[in-house]
Amino acid sequence: MNKPHSPYTAAITGGGFLYEETCILLPLLLSDNREELLRDEALNNRLLHINSETSRKRNIAEISRRYDTMPASFWTRFQSMDQDDQKVALFFVILKTYKICFDLHINVTMRKWNSISKKVEHDDLMMEFNEIAAKDQFVDSWSDATKKRVASAYLTILRKINMIRPDSSLTSIQCSNWRLYIELGEMWFLEASLLQPYQIENIKKELL
């Protein structure tokens, strides 16, 4: 549980990317009787097919947390996207939902992208944890094991969206639906997707 006054949580370790699970639960989340349907799924495992009830409830809780970050209209549009664009959209939601992922991405991954190495590795993230912990008592209270799990979960998410190659080098996200983020007033996400400035300008010219 978060300590008071901290915007951070380690809850990303509870499930990870959860793309398939999100797609499965989305009709329930969009339903008028959402709470009843989610409770039934947590108990009876009709859709997720996750044997552990504890894991099932944890995944449902995290997907619900992410769902509530965005308006229902976003998720309606999400349903009509192809799989690649859905994964990009889910990455966007994760950055919006978990400040620890947002800070790691902005302060480490984007900085590394603009450096000579263009690689992000586990040690880079752990150094950023030291910076965050120096300013936030709650993160400072995390064990090294928790910090490592959060870092690993974040790196796994980058692999899921093909932002990290097998050699740890970074590459920009491919997406056919940049208009969505511009319409949401979330232009920062184009830069967070590691697009080059000229690419962002071209997209803006086409869409604005």
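Now for a description of the structure that goes with this document.

Quick notes on the rules
Residues numbered from 1 in each chain as written. Predicted model: local features only at pLDDT ≥ 70, side-chain atom pairs only at ≥ 80, totals over all residues. Heavy atoms only, no water. 1 Å grid on protein atoms, 1.4 Å probe; cavity = no way out; pocket = protein on both sides within 12 Å on 5 of 7 lines; lining within 4 Å. Points joined across faces, edges and corners; volume = space filled by probe spheres on them. Helix = DSSP H or I, 4+ residues; strand = E, 2+ residues; numbered from the N terminus. Nonpolar A, V, L, I, M, F, W, Y, C, P; charged D, E, K, R; others polar. Contact = heavy atoms within 4.5 Å. Buried < 20%, exposed > 50% of the residue type's maximum accessible area, 1.4 Å probe, protein only. Core = buried A, V, L, I, M, F, W, Y, C linked by side-chain atoms within 4.5 Å.

**A word on empty space enclosed by the protein**
Inference 1: A complete count under the given rule lists one cavity of 30 Å³ or more for this structure.
Inference 2: Approximately 30 Å³ is the volume attributed to the largest cavity.
Inference 3: For the largest cavity, the full set of lining residues is Thr22, Leu26, Leu29, Ile63, Arg66, Tyr67, Trp75 and Leu90.
Inference 4: Sorting the residues of the lining of the largest cavity by element identifies helix 1 (19-29) and helix 3 (53-69) as the ones contributing at least two each.
Inference 5: The class makeup of the residues in the lining of the largest cavity is six nonpolar, one polar and one charged.

**Details of the environment of alanine 133**
Inference 1: Along the chain, alanine 133 falls in helix 7 (residues 122-135).
Inference 2: Through-space distance from the C-alpha of alanine 133 to that of alanine 145 is 14 Å; in sequence the pair is 12 residues apart.
Inference 3: When residues no more than four places from it in sequence are discounted, the contact partners of alanine 133 are Val139, Asp140 and Lys147.

**Observations regarding the layout of surface pockets**
Summary: where empty space remains is shown by rolling a probe the size of a single water molecule over the atoms.
Inference 1: Roughly 160 Å³ of internal volume is contained in the largest pocket.
Inference 2: In this structure, the largest pocket is lined by Asp84, Lys87, Val88, Lys160, Ile161, Asn162, Ser172, Ile173 and Gln174.
Inference 3: Examining the composition of the lining of the largest pocket, we find that three residues originate from one element, helix 5 (residues 83-97), more than from any other.
Inference 4: The residue makeup of the lining of the largest pocket, split by class, is three nonpolar, three polar and three charged.

**Considerations on the environment of leucine 180**
Inference 1: The topology assignment puts leucine 180 in helix 10 (residues 178-183).
Inference 2: Among the residues examined, leucine 180 registers a relative accessible area of 1% and is labelled buried.
Inference 3: Residues leucine 180 and phenylalanine 74, 106 residues apart in the sequence, show an inter-C-alpha distance of 8.7 Å.
Inference 4: Discounting residues that sit within four places of it in the chain, leucine 180 has contacts with Phe74, Arg77 and Met81.

**Observations regarding the nonpolar core**
Inference 1: In terms of nonpolar packing, the biggest core is built from 71 residues, with Ile100 and Tyr181 touching the most fellow members.
Inference 2: The residues contacting tyrosine 181, other than those within four sequence positions of it, are Asp85, Val88, Ala89, Phe92, Cys175, Glu186, Met187, Phe189 and Leu190.

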